[in-house]
Structure formats: C-alpha cells, structure tokens
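This is what each chain is made of:
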Amino acid sequence: MKKNKKKDETIKVYCEVILGEFKLSNYEINSFLMESLNTNSLYLRVASLEAISKIGNLNKFIEAIKYISDNNYYINNKIFIDILKEFGGDKYLLNKELIDNFNIFNNDLKKSIVDHFKNNKVEFVKEKLLEILKDENSEKEIRISAIKYFSIINSKYAQEIIIDILKRGEWEYRAVSAATLSSYKNEESINSLLESITDKNWYVRYNSAISLLHLNQDIINLVFLKGDKYSRDIIFYAMFMEGRISYEEYLEKSIYLDKIKYLEVINNV
C-alpha cells in the first residue's frame, strides 16, 4: 500500500481489492481507503467502499457511507446492495446502524438500504418502513421500495395501507401495490385486486391479474362476473405469461373474447 498509493488509478484499485480480501484494519489502511473515496473515479470509489465493507470495521463503514451520501457520490443501486451484503462484521449491528442513521442518508442510498432490508428479510426495521409507507410525502422511489419490502415481511397494518394506495395512488404505486398483495392470501386482497383488475392502466391490470392467479385458482369465474372486457382479456394473458395455458389456447380465448366484445357492441347499438 505504501509503495503504490501514489500510483495510477488501476494500481490503486488493485491494492484496495487486495486489502479487502486480507481484511486488515489499522490507521494507515483506513486512511488510505477513506481518502480514496474522494475521487472522480467511480471504480476507485466502489473498490474503496467494498474494501471497507469486507474489512468489517462498523464505525469506519458507516463513516464511509455517510461520506458518500454527504457528497452525493453516485454508486449503482445493485452494486451498493452487494457491498452491504459483503460486510465482514456483525450484520445485525450494521442493519441497526443503517436504520438508526437512515434519515441522514441521501435518497439514492435510502432506496438501496430499503432494498437491502427486503433482500435479507430484516424484520426489526419494520416500524420505520411503516412510517415511510404511511407518509405520502416520502420520495417516490423510497416509498415504492417500502411497498416491495412488505411483500417479503408481512404486516396486517401494511396491507391496509397498500390496499388504500392501490385505490387512489399514482399508477406506479398502484402497479407495485397490486404485485405486493399476492403475498397476502386473504379475502381483503382478493376483493381489492378484483377492483384493480379493471384499472385504466395496463400495468396495474396485469399485476392485479398475476396476483389473483397466485391467490385463487378459480379466479376466472369471478373476473368474468365483473363483465369487464379488459379484465377478461388480461386474466388470460396473465395465464399465458405464467405458463398456465399455451400460446394456442391464449389465441383461442382471445378470439372468443373478440366475439364477446363484438356481440356487446351489437347489443349496445
């Protein structure tokens, strides 16, 4: 490290990768890695943060994340989530620090942190994420990530909020809410999805259809009882996409639906 810390970017990245693999921690190493965060090179910044994570010094890692946040340095969502996963120390303590310091991070990191909680099924952060879910002023991407979190960590209170979002939220919220309700196998979810399958937005209708197929094997009759041509069409398309019917069967049903639509038009005339 002493020999190469003034060399070019490629050599520095290589040094940081090696330091992360050895998991050694002292003042000189920590200073070198922290200094490397302050760079225009994305590769060097990512390598430095990854090394700090692997070394597993919790205080230094949180300090590094705060530094990235305060300076609004860009790190790809998936890459940052992978870096969190590679933390070499106590994962519970890391998650506790992340949720305790959540409000001071920038929005990009907040979204990634919520995704990290979802991917790793971190349940003790649920109350904080319920606050985000309830807050209509929360940044959109963070709130959407919170909705997805509750597809993994079930909560009756969260379900009530998600159903309300499905009824009156923006289409992006409605679409992800429709998908999330597939994790709540109860009558409230089915009734809400039977309403949202008639939504004016195609993605909301499609996610509603997929969720209904997961929740109820006999859902087709309930959809047909609604008498809505769009919901009838989307349920068969969802069945095809889920591999429940073949492409030929889907075409046959589409032709059948076209005949029904034609008869409805004739009758209305």
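Residues numbered from 1 in each chain as written. Predicted model: local features only at pLDDT ≥ 70, side-chain atom pairs only at ≥ 80, totals over all residues. Heavy atoms only, no water.

**Q** Help me out: how do you make sense of the environment of Glu-63 in this one?
**A** When you line up the elements, Glu-63 lands in helix α4 (residues 58–70). Taking the C-alpha atoms as reference points, Glu-63 and Leu-222, separated by 159 residues in sequence, lie 54 Å from one another. (Helix = DSSP H or I, 4+ residues; strand = E, 2+ residues; numbered from the N terminus.)

**Q** What should I look at first to understand the side chain of Ser-53 in this one?
**A** The residue Ser-53 is located in helix α3 (residues 42–55) in this model. Separated by 3.2 Å, the side chain of Ser-53 and the backbone nitrogen of Phe-87 make a polar contact. Not counting residues up to four positions away in its chain, the partners in contact with Ser-53 are Phe-61, Ile-83, Glu-86, Phe-87 and Gly-88. (Polar contact = N/O pair within 3.5 Å; in protein donor to acceptor, adjacent residues only side chain to side chain. Contact = heavy atoms within 4.5 Å.)

**Q** It is not clear to me how the packing of α3 against helix α5 (residues 77–85) should be interpreted in this structure. Could you clarify?
**A** Each pair of packed helices can be described by the angle between their axes along with the distance between the axes. Relative to each other, α3 and α5 sit at 25°, their axes nearing to 8 Å. Here α3 lies roughly parallel to α5, going by the angle between them. Taken as a pair, α3 and α5 cross one another with a handedness that is right-handed. Of the residues in α5, those in contact with Val-46, Leu-49, Glu-50 and Ser-53 of α3 are Ile-79, Phe-80 and Ile-83. Of the residues that constitute the contact of α3 with α5, the class distribution is five nonpolar, one polar and one charged. (Axes fitted to C-alpha atoms, helices over the stretch in contact; angles between N-to-C directions. Parallel < 35°, antiparallel > 145°, perpendicular 65-115°, else oblique. Left-handed = near helix turned anticlockwise from the far one by under 90°. Nonpolar A, V, L, I, M, F, W, Y, C, P; charged D, E, K, R; others polar.)

**Q** Mind showing me how you'd approach the nonpolar core here?
**A** One recurring pattern in soluble globular proteins: nonpolar side chains tend to sit buried together. Counting residues in each nonpolar core, the largest one holds 78 residues, and the members touching the most others are Leu-49, Phe-61, Ile-65, Leu-98, Leu-133 and Phe-150. If one sorts the elements of this core by residue count, helix α13 (residues 202–215) sits on top with seven residues. Apart from the residues lying within four places of it in its own chain, the contact partners of Phe-61 are Leu-49, Ile-52, Ser-53, Ile-83, Leu-84, Phe-87 and Leu-94. (Core = buried A, V, L, I, M, F, W, Y, C linked by side-chain atoms within 4.5 Å. Buried < 20%, exposed > 50% of the residue type's maximum accessible area, 1.4 Å probe, protein only.)

**Q** Any chance you could explain α4 here in plain terms?
**A** For the α-helix, the turn length of 3.6 residues means that residues three or four positions removed from each other point alike. Relative to the 18 Å expected for 13 residues at 1.5 Å per residue, α4 spans 18 Å between its end C-alpha atoms, a close match to the ideal helical length. Residues Leu-58, Phe-61, Ile-62, Ala-64, Ile-65, Ile-68 and Ser-69 constitute the buried set of α4. Seen end-on, α4 carries its buried residues on one side only, within an arc spanning 155°. More than 90 degrees from the buried face of α4, the exposed residues found are Asn-59 and Asp-70. (Expected span 1.5 Å × (residues − 1). Arc of directions from axis to C-beta.)

**Q** Before we go on, may I ask you to explain the side chain of Lys-110 in this structure?
**A** Residue position: Lys-110 is located in helix α7 (residues 107–119). In this structure, Lys-110 is in contact with Phe-102, Asn-103, Phe-105 and Ile-142, ignoring residues within four places of it in sequence.

**Q** I'm lost on helix α10 (residues 156–168) in this one. Help?
**A** Taking 1.5 Å per residue as the helical rise, α10 with its 13 residues ought to reach 18 Å, and the 19 Å between its terminal C-alpha atoms agrees with that figure. Among all positions of α10, only Ala-158, Gln-159, Ile-161, Ile-162, Ile-163, Ile-165 and Leu-166 are buried. Buried residues belonging to α10 abut α8 (126–134), α9 (140–149), α11 (171–180), α12 (187–196) and α13.

**Q** Sorry if this is basic, but what is going on with unusual backbone geometry here?
**A** For residues other than glycine, phi is negative in most cases, and the peptide bonds are mostly trans. Phi at Asn-72 takes a positive value of approximately 50°, unusual for a residue other than glycine. You can see Asn-72 is positioned in the loop between α4 and α5.

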